[in-house]
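Observations on the model geometry
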Amino acid sequence: MIGAWCFLDHFLPAVEVEGMQVAAHPHTGLQTVTWLFSGVVHHNDSLGSSQLVKPGQLNLMTAGRGISHSEVSLESNEILHGIQLWVALPDKYRNIAPSFNHYQDLPQLNFEGVKINLLTGQLLTERAPTQAYSPLFAAQLDFSHDAEIELPLDKQFEYGFLAVDIDLFVDDQEIEVGAMLYQPPGEEKVTLKIGSAGTLIIIGGEPFTEEIVMWWNFIGRNHEEVTEMRSEWQEGSEKFGTVADEIGGRIPAPPMPNIRLQPRGSKRKRLG
Ligand code: MN
């Protein structure tokens, strides 16, 4: 984990494919953040939300005690390229009512010639309106040419630096395309160096001190709780509602593994 960020899916097709089509499936105890670099995704959920998300916009789904949704990429001249992140909800908030937010306009900054889109949290004078339940940060940095910048950090936060489409250096440590560098708390600034135009995602947050059990699309606190969530989805519990979409159907949960699910937490120190 990096702060409450507990999952990051960086998706793009390697070859020409049919696109993304994910039928209705449940979530609990987390928020999903969908952010695209190119392409279009159509989100439908059990609250009745039906929302397109395009580059520069952010879809935020707060599962709370339970929600279901489907995701489909639409035909576009551009390939589908983006990230979906999951945020673990602290115990105090993990059973709140589900909700969905679409952010059409998020703060943009120009920092020493680098274009920054602030997805969540605060940077310099800007604060994103994105609803968060723990101290979090996420931003996209677009370099239009080779550059070296020094960006302020929050000393309380740990960070992850994702090289989206180009190799880059974080405090002189090289990150290859597609990799993420983990940085523990305690730093007040970071030097980012890039050899040509390219994009970088930074995520951060205060270390999440609660232990979580994450399995399939659920986040609970122990094995029994996740087993119960799975049963509720399989049995069509009302807590997940129904999704009206063009795909139809729903994704059944995989069988539980024949081991006891173990918690993960802030102990894991490195990703990627
Ligand atoms: Mn999902």
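Quick note: structure is the one above.
Residues numbered from 1 in each chain as written. Predicted model: local features only at pLDDT ≥ 70, side-chain atom pairs only at ≥ 80, totals over all residues. Heavy atoms only, no water.

Considering the side chain of Ser49
Considering the arrangement of structural elements, one finds Ser49 in the loop between strand S4 (41-45) and strand S5 (50-53). A distance of 2.9 Å separates the side chain of Ser49 from the side chain of Asp45, its partner in a polar contact. Once you skip the residues sitting within four places of it in the chain, Ser49 turns out to touch His43, Asn44 and Phe100. (Helix = DSSP H or I, 4+ residues; strand = E, 2+ residues; numbered from the N terminus. Polar contact = N/O pair within 3.5 Å; in protein donor to acceptor, adjacent residues only side chain to side chain. Contact = heavy atoms within 4.5 Å.)

A look at the packing of aromatic side chains
Scanning all chains against the criterion turns up eight aromatic pairs. Centroid distance Phe137 to Tyr159: 6.2 Å. Interplanar angle 75 degrees. Geometry classified as edge-to-face. Of this pair, Phe137 sits in strand S14 (residues 136-143) while Tyr159 sits in strand S16 (residues 158-163); the two residues are 22 residues apart in sequence, bridging distant segments of the chain. Take Phe137: its relative accessible area is 6%, and that puts it in the buried class. Each member of the aromatic cluster is reached from another via a ring pair, and the members are Phe137, Phe157, Tyr159 and Phe161. If you follow Lys193 out to its NZ or CZ, it ends over the ring of Phe169, 5.4 Å from the centre. (Phe/Tyr/Trp six-rings, centres within 6.5 Å; stacked < 30°, edge-to-face > 60°. Buried < 20%, exposed > 50% of the residue type's maximum accessible area, 1.4 Å probe, protein only. Lys NZ or Arg CZ within 6 Å of the ring centre and 35° of its normal.)

Examining helix H1 (residues 223-234)
With 12 residues, H1 extends 17 Å between its outermost C-alpha atoms, agreeing within 8% with the 16 Å of an ideal straight helix rising 1.5 Å per residue. Residues His223, Val226, Met229, Arg230, Glu232 and Trp233 constitute the buried set of H1. Packing partners of the buried residues in H1 comprise strand S2 (21-27), strand S7 (67-73), strand S22 (213-215) and strand S23 (218-220). With its phi angle positive at about 70 degrees, Gly236 sits one or two positions after the end of H1. (Expected span 1.5 Å × (residues − 1).)

Side note on the layout of surface pockets
The gaps of empty space that remain are located by a probe, the size of a water molecule, rolled over the atoms. Space inside the second largest pocket adds up to approximately 310 Å³. The wall of the second largest pocket is formed by 20 residues, among which Gly121, Gln122, Arg127, Leu136 and Phe157 lie closest to the centre. Within the lining of the second largest pocket, the residues separate by chemical class into 13 nonpolar, five polar and two charged. (1 Å grid on protein atoms, 1.4 Å probe; cavity = no way out; pocket = protein on both sides within 12 Å on 5 of 7 lines; lining within 4 Å. Points joined across faces, edges and corners; volume = space filled by probe spheres on them. Nonpolar A, V, L, I, M, F, W, Y, C, P; charged D, E, K, R; others polar.)

Some details on the sheet that holds strand S15 (residues 147-152)
As summarised here, the arrangement of the four strands in space is S15-S20-S17-S18, forming an open sheet in which the pairing is antiparallel. The open sheet has two free edges, formed respectively by S15 and strand S18 (173-175), since each of these has just one partner strand. In this sheet, neighbouring strand axes are inclined to one another by 25 degrees on average, regardless of whether the strands run parallel or antiparallel. Note: S15 against strand S20 (residues 189-194), six bridges, orientation antiparallel. Its bridge partner lying in S20, Ala147 is registered against Ile194. (Pairing = 2+ DSSP bridges. Axes fitted to C-alpha atoms, helices over the stretch in contact; angles between N-to-C directions.)

Purely geometric numbers; function is a separate question.
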